[in-house]
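Each chain is listed here by its residues.
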Amino acid sequence: MLIASYLLGYDEDGSVRHIAVDNILPDVKQSFDYTLYPRESAKGQEILDLVLLFAEADEHRKTICLPNLPFPVVSHLLSGQPLQIIDFAYGRVVRLAFDAPLSQQRCA
């Protein structure tokens, strides 16, 4: 699993528009699975990680974790609004939206 750092992009209204990463997305255009993975912090608070699963990617990029999503990102996703993940190194963009049960999502 690749645990990646990220930056958030906002629009002029302060709404989350994208998650920016650098050199982590696989170079193969493929569908992928994604989910919000809950875990407990050291202080007992629930935090959510975004886990991306690329079945056909190179071994080190099959599973990518964007840890500890901030509340505005979680709210945006749970409201059903689409969100882009932009890889600045290659200009790749993937889009995701939670409009199905949260246990398993699919995107193309």
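Everything quoted here is computed from the prediction, not taken from an experiment.

**Student:** What should I look at first to understand helix α1 (residues 71-78) in this one?
**Tutor:** Three or four residues apart is the spacing at which side chains of an α-helix point the same way, because the helix has 3.6 residues per turn. Listing the buried residues of α1 in full gives Val73, Val74, His76 and Leu77. Down the axis of α1, the buried set is contained in an arc of 160°. They therefore lie on one face. Looking at the buried positions of α1, the neighbouring elements they touch are β2 (7-10), β3 (16-21), β4 (32-40), β5 (46-53), β7 (83-87) and β8 (92-96).

**Student:** Looking at this structure, how should I read the confidence of the model for the chain?
**Tutor:** Where the model shows low pLDDT, its predicted coordinates should not be examined in detail. Taken as a whole, the chain shows an average pLDDT of 86; of its residues, 90% reach a score of 70 or greater. Of all secondary-structure elements in the chain, the lowest mean pLDDT belongs to strand β9 (residues 105-107), at 42, while strand β6 (residues 63-66) reaches the highest, 96.

**Student:** For this particular structure, what's the right way to read the side chain of Asp11?
**Tutor:** Residue placement: Asp11 occurs in the loop between β2 and β3. A distance of 2.9 Å separates a polar atom in the side chain of Asp11 from the backbone nitrogen of Ser15.

**Student:** Before we go on, may I ask you to explain unusual backbone geometry in this structure?
**Tutor:** Generally, phi is negative for residues other than glycine and the peptide bonds are trans, each holding for most cases. At Asn23, a residue that is not glycine, the phi angle is positive and equals roughly 65°. Classification of Asn23 by relative accessible area gives partly exposed; the value is 34%. Positive phi is not limited to glycine here, since Asn68 has a value of about 50°. Within the secondary structure, Asn68 sits in the loop between β6 and α1.

**Student:** Can you walk me through the pairing of β7 in this structure?
**Tutor:** The side chains of a regular strand alternate, first on one face of the sheet and then on the other. Burial analysis of β7 places four of its five residues in the buried class, the great majority of the element. Relative to β7, β3 runs parallel, the two sharing four bridges. Counterpart to His18 in the pairing with β7 is Gln84. Following β7, the chain reverses through four residues before pairing antiparallel with β8; Gly91 in that reversal takes a positive phi of roughly 75°.

So, how was this worked out
- Residues numbered from 1 in each chain as written.
- Predicted model: local features only at pLDDT ≥ 70, side-chain atom pairs only at ≥ 80, totals over all residues.
- Heavy atoms only, no water.
- Buried < 20%, exposed > 50% of the residue type's maximum accessible area, 1.4 Å probe, protein only.
- Helix = DSSP H or I, 4+ residues; strand = E, 2+ residues; numbered from the N terminus.
- Arc of directions from axis to C-beta.
- Contact = heavy atoms within 4.5 Å.
- pLDDT = per-residue confidence, 0-100.
- Polar contact = N/O pair within 3.5 Å; in protein donor to acceptor, adjacent residues only side chain to side chain.
- Pairing = 2+ DSSP bridges.

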